[in-house]
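# Fold and contact review
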Amino acid sequence: LTIHKRKPKQVHYKKYEGGRWVDGGFTSGGSARGTEVWINENTECEDAAATLFHEVVHTDQPSSMAGSQREYDAYAKTEAWRIKKALPSHDLSFRKTINGKEVPDMTNIKKYVDKAYAYNPPTPLGGGTPPPRVLGLATNGKDVRLSDGTTRVPKPDDAYRLPDTGGQVVKTIDPDKWKCP
């Protein structure tokens, strides 16, 4: 596993709302690809630990897993880990109590992921075939291009990802020095 400290990365996308495309986005806390993980340099210890856990979950997921399923899975496993380690929740809605025991609330995690990661089409909890993903606008500038090669008129909540900004690597962390101050 290779861990990189990076400048904060901004994720950008366009979302179809009210008959027009609006800008959306967020600051990504971390990213993973293969056996590499990136974490923002300004992340406090507690959040860095949870971000690392979340991103390492991604490194073990099959590439065939739908984007929304990858996030549902990573957020649920990270929240279970936070509960086990007595860390605060990523989001207050991410937990519920069943028979006196705190557990991840999958319904609320799904709602969060479906809104925050608008460019990943929502899928049923537990799996299922995702709908085609919107890749961008078709050549006519009005319709959307889909991952299955088709085009169609945009629908409410359609979204497509734009290039990220920021995220430059500041330092690759020596595994012998993996610790918080």
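Residues numbered from 1 in each chain as written. Predicted model: local features only at pLDDT ≥ 70, side-chain atom pairs only at ≥ 80, totals over all residues. Heavy atoms only, no water.

### Some points on the side chain of Ser89
Counted only if it meets this: Every helix listed is a DSSP run of H or I at least four residues long, and every strand listed is a run of E at least two residues long, numbered separately from the N terminus. Pairs of N or O atoms within 3.5 Å make up the polar contacts considered here, provided that, within protein, one atom can donate a hydrogen while the other can accept it, and that residues adjacent in sequence are counted only when both atoms are side-chain atoms. Only heavy atoms enter the contact rule, under which two residues are in contact if any of them lie within 4.5 Å.
You can see Ser89 is positioned in the loop between helix H2 (67-84) and strand E6 (95-98). Reaching out from Ser89, the side chain makes a polar contact with the backbone oxygen of Asp91 at a distance of 2.5 Å. With residues near it in sequence (within four places) discarded, Ser89 still touches Glu79, Arg82, Phe94 and Arg95.

### Focus on unusual backbone geometry
Of note, Ala86 is a non-glycine position whose phi angle comes to about 60°, a positive value. Mapped onto the secondary structure, Ala86 falls in the loop between H2 and E6. Of note in the backbone geometry, Asp157 takes a positive phi value of approximately 75° without being a glycine. Looking at the secondary structure, you find Asp157 in the loop between strand E10 (151-152) and strand E11 (159-161).

### A short note on the sheet that holds strand E9 (residues 144-146)
Sheets are built from strands paired through backbone hydrogen bonds, the pairs being either parallel or antiparallel. Note the following rule: Here a strand pair is declared whenever DSSP counts at least two bridges between the two strands.
Reading across the sheet, the 3 strands line up as E8-E9-E10 and stay open at both edges, with antiparallel pairing between neighbours. Single-partner strands in this sheet number two, and they are strand E8 (134-137) and E10. Across 3 bridges, the pairing between E8 and E9 is antiparallel. Counterpart to Val134 in the pairing with E9 is Leu146.

### Here we look at the sheet that holds strand E13 (residues 169-172)
Condition: Note on definitions: angles span 0 to 180 degrees between N-to-C directions of axes, and those axes are lines fitted to C-alpha atoms, for helices only across the stretch in contact.
Within the open sheet, the 4 strands sit side by side as E4-E5-E1-E13. Their pairing is mixed. Only two strands of the sheet have a single neighbouring strand rather than two, namely strand E4 (30-33) and E13. Here the strands of the sheet are splayed against their neighbours by 25° on average, with no regard to which way each runs.

### Some remarks on the packing of H2 against helix H3 (residues 106-116)
Going by this rule: The labels follow the angle: roughly parallel below 35 degrees, roughly antiparallel above 145, roughly perpendicular from 65 to 115, and oblique for the rest. The sense of a crossing depends on the near helix, which, turned anticlockwise from the far helix by less than a right angle, makes the crossing left-handed and, turned clockwise, makes it right-handed. Three classes are used: nonpolar for Ala, Val, Leu, Ile, Met, Phe, Trp, Tyr, Cys and Pro, charged for Asp, Glu, Lys and Arg, and polar for all others, with Gly counted as polar.
Here H2 crosses H3 at 130°, and the two axes come no closer than 10 Å. Between H2 and H3, the angle is such that the two are oblique. As for the relative orientation of H2 and H3, their crossing is right-handed in sense. For the pair H2 and H3, contact is made by Ser68, Glu71, Tyr72, Tyr75 and Ala76 and by Met106, Ile109, Lys110, Tyr112, Val113 and Asp114, respectively. Here the contact of H2 with H3 is built from residues that sort into 7 nonpolar, 1 polar and 3 charged.

### Describing H3
Spelled out, the test is: When accessible area is computed with a 1.4 Å probe and restricted to protein chains, residues below 20% of their type maximum are described as buried, those above 50% as exposed, and intermediate ones as partly exposed.
Residues Ile109, Lys110, Val113, Asp114 and Ala116 constitute the buried set of H3. Buried positions along H3 lie against strand E2 (9-17), strand E3 (20-28), H2 and strand E7 (101-104). If you check the start of H3, you find a side-chain oxygen 3.2 Å away from the backbone N of Thr107, and it comes from Asp105.

### Quick notes on the pairing of strand E1 (residues 2-6)
Here E1 runs beside strand E5 (residues 36-40); their pairing, made up of 5 bridges, is parallel. Across the sheet, the residue bridging to Lys5 is Ile39, located in E5. Judged from the 3 bridges that link them, E1 and E13 form a sheet pairing that is antiparallel. Each residue of the ladder has a partner; that of His4, found in E13, is Thr172.

### Some words on H2
Here is the rule: A helix is expected to span 1.5 Å for every residue after the first.
Spanning 18 residues, H2 covers 26 Å between terminal C-alpha atoms, matching the ideal 26 Å at 1.5 Å per step. Of all the 18 residues making up H2, 13 are buried; the element is thus mostly covered by neighbouring parts of the structure. Just downstream of H2, Ala86 is the residue with a positive phi angle, here 60°.

### Quick word on the pattern of salt bridges
The condition is simple: For this analysis, a salt bridge means a side-chain nitrogen from Lys or Arg found within 4 Å of a carboxyl oxygen belonging to Asp or Glu.
For the structure on display, the rule yields 12 salt bridges. A salt bridge links Arg95 to Glu79, with the shortest nitrogen-to-oxygen separation between them at 2.5 Å. Of this pair, Arg95 sits in strand E6 while Glu79 sits in helix H2; the two residues are 16 residues apart in sequence, bridging distant segments of the chain. Take Glu79: its relative accessible area is 1%, and that puts it in the buried class. What emerges from the salt-bridge pattern is a single network uniting Lys9, Arg161 and Asp164.

Any functional reading would require information beyond the geometric quantities listed.
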